[in-house]
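Structure at a glance
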Amino acid sequence: DLDFASAEKNRKPLDFDNKLIWFGGLESHKMFSMKVFLKYVWSKVRHAVPDADFHLWGKNTQFLDFPEKGVFGHGFFEGDGFPLDGKGLYVNPDILGGGVKTKLKYYFDNGIPFLSTPFGFEGYPLHVIDNRYCQVAPMEEWAKILIGKLKQ
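Parameters and conventions
Residues numbered from 1 in each chain as written. Predicted model: local features only at pLDDT ≥ 70, side-chain atom pairs only at ≥ 80, totals over all residues. Heavy atoms only, no water. Helix = DSSP H or I, 4+ residues; strand = E, 2+ residues; numbered from the N terminus. Rg over C-alpha atoms; globule rule 2.2 N^0.38 Å. Buried < 20%, exposed > 50% of the residue type's maximum accessible area, 1.4 Å probe, protein only. Contact = heavy atoms within 4.5 Å. Areas by Shrake-Rupley, 256 points an atom, 1.4 Å probe, with all protein chains shown as cover.

Before going further, it helps to spend a moment on the overall build of the protein. Along its length, the protein carries five helices and six strands. Ordering the α and β elements of the protein from the N terminus gives α-β-α-β-β-β-α-β-α-β-α. For 152 residues, the compact-globule formula gives about 15 Å, and the C-alpha radius of gyration of the protein, at 14 Å, lands near that figure. Taken along the three principal axes of its C-alpha coordinates, the protein extends 40 × 35 × 35 Å. Going through the 152 residues of the protein one by one, you find that 50% of them count as buried. Of the contacts made within the protein by residues no fewer than 6 positions apart, 62% connect residues no fewer than 24 positions apart. When the accessible area of the protein is evaluated, it comes to approximately 7900 Å², of which 55% is carbon and sulfur surface.

Following this line, the structure appears as structure tokens:
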């Protein structure tokens, strides 16, 4: 279950600093989703917000390291807490696969703002979507959403 008290206590003012973050491994189906995101969403975001960066931490993220495109695959995260001290918008571009999405509970409980696809949000109550700290939208809408958030 989501911890609403912790979420409220841990939320900080939104500060995306023109950064998107993926925090987790990129196994087969996650890698596929990420490649779709990079091709159809990130390219549009980067065109509209040229100084935007996308940072990936976790297993296999080093294979998606394209600094010239503003994509930085760091590999495993070393340290405590969250990458970039929680600054940035965390993304969950799941478009296939299965299993419980515990990553989103971790983000929610710790007050970390995130954007997820409906598939990636499956199993969570819709009433927690506030479009600030918790936003859910089909990937077709992501470029517009992300450009709006990063240009704030």
